[in-house]
Amino acid sequence: QVQLVESGGGLVQPGGSLRLSCAASGMTFSMYTMGWYRQAPGKQRELVSGITGAGNTNYADSVKGRFTISRDNAKNTVYLQMNSLKAEDTAVYSCTTRLGSLDYWGKGTLVTVSS
């Protein structure tokens, strides 16, 4: 059973930083692309960033230059380092992966950017 558990969210002031973690289990982690999505109140869920098993990355335009995705295959964990946070980054952040035709999601972690 694939499980994804996010952590690291919280309240941060504009301009601050947070690092999110997503611990995976029940899968051969290094083989699969991992993604971070976010959903702000009243908005659709959007892709923030993804990283392949080989370490290739992609980012939404809105976070390029501020967020960095990485993975530690020995720890079965994917990270999202978020710098220069803005109020519009406030959302529930969830990690996801696809195995075959099935998508797996964590429960998410709330990031609130506010002064």
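Residues numbered from 1 in each chain as written. Predicted model: local features only at pLDDT ≥ 70, side-chain atom pairs only at ≥ 80, totals over all residues. Heavy atoms only, no water.

## Quick notes on the overall build of the protein
Move 1: The secondary structure content of the protein amounts to zero helices and eleven strands.
Move 2: Secondary structure of the protein in N-to-C order comes out as β-β-β-β-β-β-β-β-β-β-β.
Move 3: Overall size of the protein, expressed as C-alpha extent along the three principal axes, is 40 × 25 × 20 Å.
Move 4: Of the contacts formed within the protein by residues at least 6 apart in sequence, a portion of 52% connects residues at least 24 apart.
Move 5: Accessible area for the protein stands at about 6200 Å²; split by element, carbon and sulfur atoms hold 46% of it.
Move 6: Each charge class in the protein can be summarised by its mean position, and for the 11 positive and 7 negative side chains these summaries are 2 Å apart. (Helix = DSSP H or I, 4+ residues; strand = E, 2+ residues; numbered from the N terminus. Contact = heavy atoms within 4.5 Å. Areas by Shrake-Rupley, 256 points an atom, 1.4 Å probe, with all protein chains shown as cover. Lys, Arg positive; Asp, Glu negative; His and termini not counted. Charge placed at Lys NZ, Arg CZ, Asp CG, Glu CD.)

## Some remarks on unusual backbone geometry
Move 1: Not every positive phi belongs to a glycine, and Asn76 is a case in point at roughly 50 degrees.
Move 2: Mapped onto the elements, Asn76 comes out in the loop between strand 7 (67-72) and strand 8 (77-82).

## Quick look at the state of the cysteines
Move 1: On inspection of all chains with the given rule, the structure shows one disulfide.
Move 2: Here Cys22 pairs with Cys95 through a disulfide, and the sulfurs are 1.9 Å apart. Linking Cys22 and Cys95, the disulfide has an S-S dihedral of approximately 45 degrees and is accordingly described as right-handed. Highlighted residues: Cys22 in strand 3 (residues 18-25) and Cys95 in strand 9 (residues 91-99), separated in sequence by 73 residues. (Disulfide = S-S within 2.5 Å.)

## With respect to the packing of aromatic side chains
Any aromatic ring pair is given by two values, namely how distant the centres are and how the planes are angled relative to each other.
Move 1: Within this structure, the stated rule accounts for one aromatic pair.
Move 2: Ring centres 5.1 Å apart and planes at 65 degrees place the aromatic pair Tyr37 and Trp105 in the edge-to-face group. Taken as a pair, Tyr37 in strand 4 (residues 34-39) and Trp105 in strand 10 (residues 102-105) lie far apart in primary sequence, 68 residues in all.
Move 3: Lying across the ring of Tyr37, Arg45 places its NZ or CZ 5.9 Å from the centre. (Phe/Tyr/Trp six-rings, centres within 6.5 Å; stacked < 30°, edge-to-face > 60°. Lys NZ or Arg CZ within 6 Å of the ring centre and 35° of its normal.)

## Remarks on the side chain of Thr90
Move 1: Structurally, Thr90 can be placed in the loop between strand 8 and strand 9.
Move 2: Separated by 2.9 Å, the side chain of Thr90 and the backbone oxygen of Ala87 make a polar contact.
Move 3: Of the polar contacts made by the side chain of Thr90, one reaches the backbone nitrogen of Val113; its length is 2.9 Å. (Polar contact = N/O pair within 3.5 Å; in protein donor to acceptor, adjacent residues only side chain to side chain.)

## Concerning the environment of Val2
Move 1: Within the fold, Val2 resides in the segment before strand 1 (3-7).
Move 2: Exposure remark for Val2: the relative accessible area of 11% places this residue in the buried category.
Move 3: Sequence spacing of Val2 and Asn83 is 81 residues, and the spatial spacing of their C-alpha atoms is 29 Å.
Move 4: Excluding residues that lie within four positions of it along the chain, Val2 makes contacts with Ser25, Gly26, Met27, Leu99 and Tyr104. (Buried < 20%, exposed > 50% of the residue type's maximum accessible area, 1.4 Å probe, protein only.)

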